[in-house]
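# Fold and contact review
Listed here are the chains, written in short residue letters.
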Amino acid sequence: MFSFFKKKKYPEFWNTYVSKVENCQKYSTFENIRFVALDTETTGFDFNNDRVLSIGAVAVQANKIIVSDYFEIYIEQEVFNKETVKIHGIRRNGTETKLSEKEALIQFLEYLDDAVILAHHTSFDVGMINMALERQGLGSLISKSVDTNYIHKKMVSDSNFGKIYSLDELSEIYNVKTHDRHTASGDALITAQLFLKLLGKYRKNYALNLNDLINSHYPFS
Amino acid sequence: MKNTIAERIFDFLKNFPPFNILEKEQLFKIATHVKVHYIEQDKSVFTQNENPHNEFYIVKDGAIGLYRTMDNDNILVDICDEGDLFGLRPIIQNNQYLMSAVANEESILYAISVELLKEIIDSNEKVKKFIVASFSTNIKTPYAKTNNGQLFANEDVLNKNNAGISDVQTAQYSKNPITCTKAYTIQQAAEVMSVKRVGSILITENNKPIGIITDKDLRLKIATGLISIKEKVTTIMSSPVITCHKKITVAEAQINMLKHKITHLCITEDGTPNSNLKGILSEHDIVVLHGNNPSVLIKELKRAKNVDTLKYIREKTSKLLSGYMEQNIPIRFVSNIISEINEAITIKAIKLSIEEMETEPPVKFTWLALGSQGRKEQLLITDQDNALVFENVNPKDYDFTKNYFLQLAKKITNKLHIIGFENCPADMMGSNPRWCISLNQWKEQFNTWITKPTEEAIMMCTIFFDYSLVYGNVELVDEMSESIFESIDNYEIFLNFLGRNALRNPPPLGFFRQFLVEHDGEHKDQFDLKSRALMPLIDAARLLTLSVNHKNKNNTIERFKEMAKAEPQNKYLYEMCIDSFKILLRFRTNQGLKNNNSGRYVDLNNLSKSEKLKLKGCFKPIKDIQELISVRFKLNQIGM
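From a predicted model like this one, the values you see are computed outputs, not experimental measurements.

### Looking at a negative patch on the surface
On the surface, Glu475, Asp478, Glu482 and Glu486 of chain B cluster together to form a negatively charged patch. Position of Asp478 of chain B among the secondary structure elements: in helix α18 (residues 474-490).

Rendered as structure tokens:
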């Protein structure tokens, strides 16, 4: 199975990413793990027809948000959905410097490195990025990932098991101020802050290790 | 790459010192390198005696308490909230934390690395000053000699907008002063003055001013025939002359004239009498420039024939006050001038009232100002607090006498009310039958207050002890004072009661949410500047001077000065109290002018960070003086 993947010829940057994640030694010690809180703004919610407009991310390590370790790019659009412009504010020919999808992915993978992905509704953001990777003839992300929605649900003995918490709801519950909502970087920062607060709570009830956090995550089908 | 997160951090930091004085690029660099920490409630950021981290902290959200543990006591030293910076000193001086920092509520902190800070300190002198100043406000004993004067250094550093005050008007002086040498006779000099149509002539030697002759000298010394006009000018000239620099402001010039009781200032090259004469500035020049001259107001007052004129003058006084505040004139001078004018207005109101009475006062009497007016600390118009003392009379004449003075007092307080001095809500006015009584009754009243110091009595003492004579017979007041001091000497424990009262309002620790604002009533959520910051200092000064038998001073600054002389070992504390008092009084006056009220209640939300810091700096001396009082009067042991 493993050798089957190897046979396919991938570009250098993709192989570098895969080998970094596979060889990462940091996951066993929580303080060493680099989390990347990320959020994508997209043209819509359809994996097949919609596109990623921008990716914003900031790193969290050893219970701190490392502002200097950030990522913020905007992607050139072939698909344009004017309905979502009013949410994310990114126009087709806006003033932000835009990259091609391929260039954006190269930079993103380099930034992501061996980090654990942290997002709110991770499956959506990772799913959108995976679709982009596929269009470029690459594989899916192999990074480990955690989801603030599921970490929260693991801790509250919520009778409403199926409930999906929105970022706004969790911000309300955990008293996180929501500036720059609906910009990729703004939502990434909110997610990172939520994560710090969740960890504080989580630590009281559980020994903190990555596997538990990841296991809080119900994998994307 | 655009960094939205760093931009938001930049936007936050730029509101707070010292970040507000950084160059944009410098601050953005800091914002980019911030690490965001989340601290749960009751968790610590660092603990006492821990080695310094390689970063210091700014509170983004929440509140961090700084605690110091000494002999098993855990003392809350300060509370840092939004925008406050902490944990800086240890990383600069590279020694251990002196305090523990614990989250009083869940908090988000921005951490900034020491390397980045050092880089900025090296390139920005203002930041360096701020940091030095912030140390001196935080260290345990700010009264060490080396820190003298630096306690409030924040004020200068933070007011970056004041760096080049442009609204201080420079006085326009006459650039071609009329001069003569000392060889001139008085007659020759007078001829020059007549030809040039000037009211003064300067006597110079090598172009340096050595004396001055004015119209007044000619009138008083020559026209009266005392001195011959054949004499040399040197016999009647005023010498030495008061000189000043050509950059003198209108306000400084006025103060100089008032201080020296003169009407002309010589302008010289470097401001000393030893440099070349550049011009002359007369009181008239200032009047022309500046309609609200205090001496002009006093002159107008003397000519005033009715209450409306007094009201008009009082309004002009308010304008004068705001001008002085804008020009940052020392608060002591400002309060002197304003008190003089207020007193003159009151005297005129009394005189007008006596004229309205059908008969002259039957016996001697005295009108006293109480409270802030008595202490000459009344800058803004506040309530009237006053009282009337009349000479002792035969019992059969008592009713008639009392009625006369009550009527008079009513006329006076009515006039003052019309002029703009609000009636005292507690009715502490001469028109109240309780406070319009004979000398013997006053003696008895004070004696009762002193020997039966109920809470109400003590409260009365704090108001009535700060009396000063405004109008009338000085002997009545002296006798009253004697009697009061005798009562206190015979009943020393009274001072302990007064001491307890002085500690009634402990200073706030910091500006932390509802911590120090009023909890209910009309001024809910506002900070009571008077009772929480000014009164503790006023009460302390009164108590301390009474206890060391310095009984003739009733102004807070004067009282602390006396104390500094009497107890050199506590000089620095007393000087800090004076500084605090001045800052607070100025603060209250500015607040009052801005909001057109008494300035007593301050809405914390409307204060800038630097204003908050300034206020916060004033609380430390209050705390220390209260500790001194507590120990000195053994207030822990009375068991009350």
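### What about the packing of helix α12 (residues 307-326) of chain B against helix α13 (residues 331-356) of chain B?
Residue and element names in this part refer to chain B. Between α12 and α13, the least distance of the axes is 11 Å, while the angle of their chain directions is 180°. As judged from the angle between their axes, α12 and α13 are roughly antiparallel. The residues of α13 that touch α12, namely those facing Val307, Leu310, Ile313, Arg314, Thr317, Leu320, Leu321, Tyr324 and Met325, are Ile331, Val334, Ile337, Ile338, Ile341, Asn342, Ile345, Lys348, Ala349 and Leu352.

### A few points about the environment of Lys163 of chain A
Residues and elements named next belong to chain A. Secondary-structure assignment places Lys163 in the loop between α6 (148-155) and α7 (167-173). The spatial distance from the C-alpha of Lys163 to the C-alpha of Asn149 is 9.7 Å, given a sequence separation of 14 residues. Here Lys163 is in contact with Lys153 and Glu169, once residues within four sequence places are set aside.

### Observations concerning the interface of chain B and chain A
At the junction of the two partners, chain B supplies 21 residues and chain A supplies 26 residues. Of all residues in chain B, the largest losses of buried area upon contact with chain A belong to Met1, Ile5 and Tyr38 of chain B, amounting jointly to 30% of the total for that side. Between Lys177 of chain A and Asp61 of chain B there is a salt bridge, with its nearest N and O atoms 2.6 Å apart. The tally of links between chain B and chain A comes to six residue pairs in polar contact (both at pLDDT 80 or more). Secondary-structure elements contributing two or more residues to the side of chain B that touches chain A are α1 (4-13), α2 (24-32), β1 (35-39), β3 (55-70) and β6 (100-113) of chain B. Here the side of chain B that touches chain A gets five residues from one element, more than from any other, and that element is α1 of chain B. Residues belonging to the side of chain B that touches chain A are distributed by class as follows: nine nonpolar, five polar and seven charged.

### A look at the pattern of salt bridges
In total, this model carries 33 salt bridges over all chains according to the counting rule given. Among the ionic pairs, Glu101 of chain A bridges to Arg135 of chain A, the shortest N-O distance being 2.8 Å. Of the two residues, Glu101 of chain A sits in helix α4 (residues 101-112) while Arg135 of chain A sits in helix α5 (residues 122-135), which places them 34 residues apart along the sequence. For Glu627 of chain B, the salt bridge identified is with Lys623 of chain B, shortest N-O distance 3.7 Å. Here Glu627 of chain B pairs with Lys623 of chain B, and both are found in helix α23 (residues 609-632), just four residues apart, close to one helical turn. Within this structure, Arg375, Glu377, Asp466, Arg504, Asp539, Arg542 and Arg559 of chain B form a network of salt bridges that share partners.

### Observations concerning helix α17 (residues 455-464) of chain B
Two residues of an α-helix separated by three or four positions point the same way, owing to the 3.6 residues in each turn. Residues and elements named next belong to chain B. With respect to burial, α17 is a largely interior element, seven of its 10 residues being buried. Where α17 is concerned, the buried positions are Ala457, Ile458, Met460, Cys461, Thr462, Ile463 and Phe464. Those residues of α17 that are buried lie in contact with α14 (371-374), β14 (386-390), α16 (439-451), α19 (493-502) and α20 (529-547).

### Topic: the sheet that holds strand β16 (residues 468-472) of chain B
Residue and element names in this part refer to chain B. Taken in spatial order, the four strands line up as β15-β14-β13-β16 in an open sheet, and their pairing is mixed. Pairing within the sheet leaves two strands with one partner each, and these edge strands are β15 (436-438) and β16. Geometrically, the sheet is characterised by an average inter-axis angle of 30° between neighbouring strands, direction not taken into account. One ladder, built from four bridges, connects strand β13 (residues 365-369) with β16; its direction is antiparallel. What sits directly across from Thr366, in β16, is Gly472. This element, α13, spans β13 and β16 of the sheet and lies at about 35° to β16. Sitting on the sheet, α18 touches β13, β14 and β16, and the angle it makes with β13 is about 65°.

### Observations concerning the nonpolar core
In this structure, Trp442 and Phe464 of chain B are the most contacted members of the largest nonpolar core, which totals 112 residues. Per element, the largest residue contribution to this core is 11 residues, and it comes from α20 of chain B. Residue contacts for Trp442 of chain B: discarding those within four places in its chain leaves Ala387, Leu388, Val389, Trp435, Ile437, Trp449, Phe464 and Met480 of chain B. Counting 105 residues, the second-largest nonpolar core is a separate cluster that includes Leu38, Leu198 and Leu213 of chain A together with Ile9 of chain B.

### Description of the confidence of the model for chain B
Residue and element names in this part refer to chain B. Taken as a whole, chain B shows an average pLDDT of 81; of its residues, 88% reach a score of 70 or greater. Taken together, the stretch residues 136-168 has pLDDT below 50 and engages in 63 contacts with residues farther than four places along the chain or on a different chain. The ipTM assigned to the predicted complex is 0.84, against a pTM of 0.53.

What counts and how
Residues numbered from 1 in each chain as written. Chains lettered and ligands numbered in written order. Predicted model: local features only at pLDDT ≥ 70, side-chain atom pairs only at ≥ 80, totals over all residues. Heavy atoms only, no water. Patch = residues over 30% accessible without salt bridge, like charges linked within 9 Å, V, L, I, M, F, W, Y side chains within 5 Å. Areas by Shrake-Rupley, 256 points an atom, 1.4 Å probe, with all protein chains shown as cover. Salt bridge = Lys/Arg side-chain N within 4 Å of Asp/Glu carboxyl O. Lys, Arg positive; Asp, Glu negative; His and termini not counted. Charge placed at Lys NZ, Arg CZ, Asp CG, Glu CD. Helix = DSSP H or I, 4+ residues; strand = E, 2+ residues; numbered from the N terminus. Axes fitted to C-alpha atoms, helices over the stretch in contact; angles between N-to-C directions. Parallel < 35°, antiparallel > 145°, perpendicular 65-115°, else oblique. Contact = heavy atoms within 4.5 Å. Buried area = accessible area lost by both parts, 1.4 Å probe. Polar contact = N/O pair within 3.5 Å; in protein donor to acceptor, adjacent residues only side chain to side chain. Nonpolar A, V, L, I, M, F, W, Y, C, P; charged D, E, K, R; others polar. Buried < 20%, exposed > 50% of the residue type's maximum accessible area, 1.4 Å probe, protein only. Pairing = 2+ DSSP bridges. Core = buried A, V, L, I, M, F, W, Y, C linked by side-chain atoms within 4.5 Å. pLDDT = per-residue confidence, 0-100.

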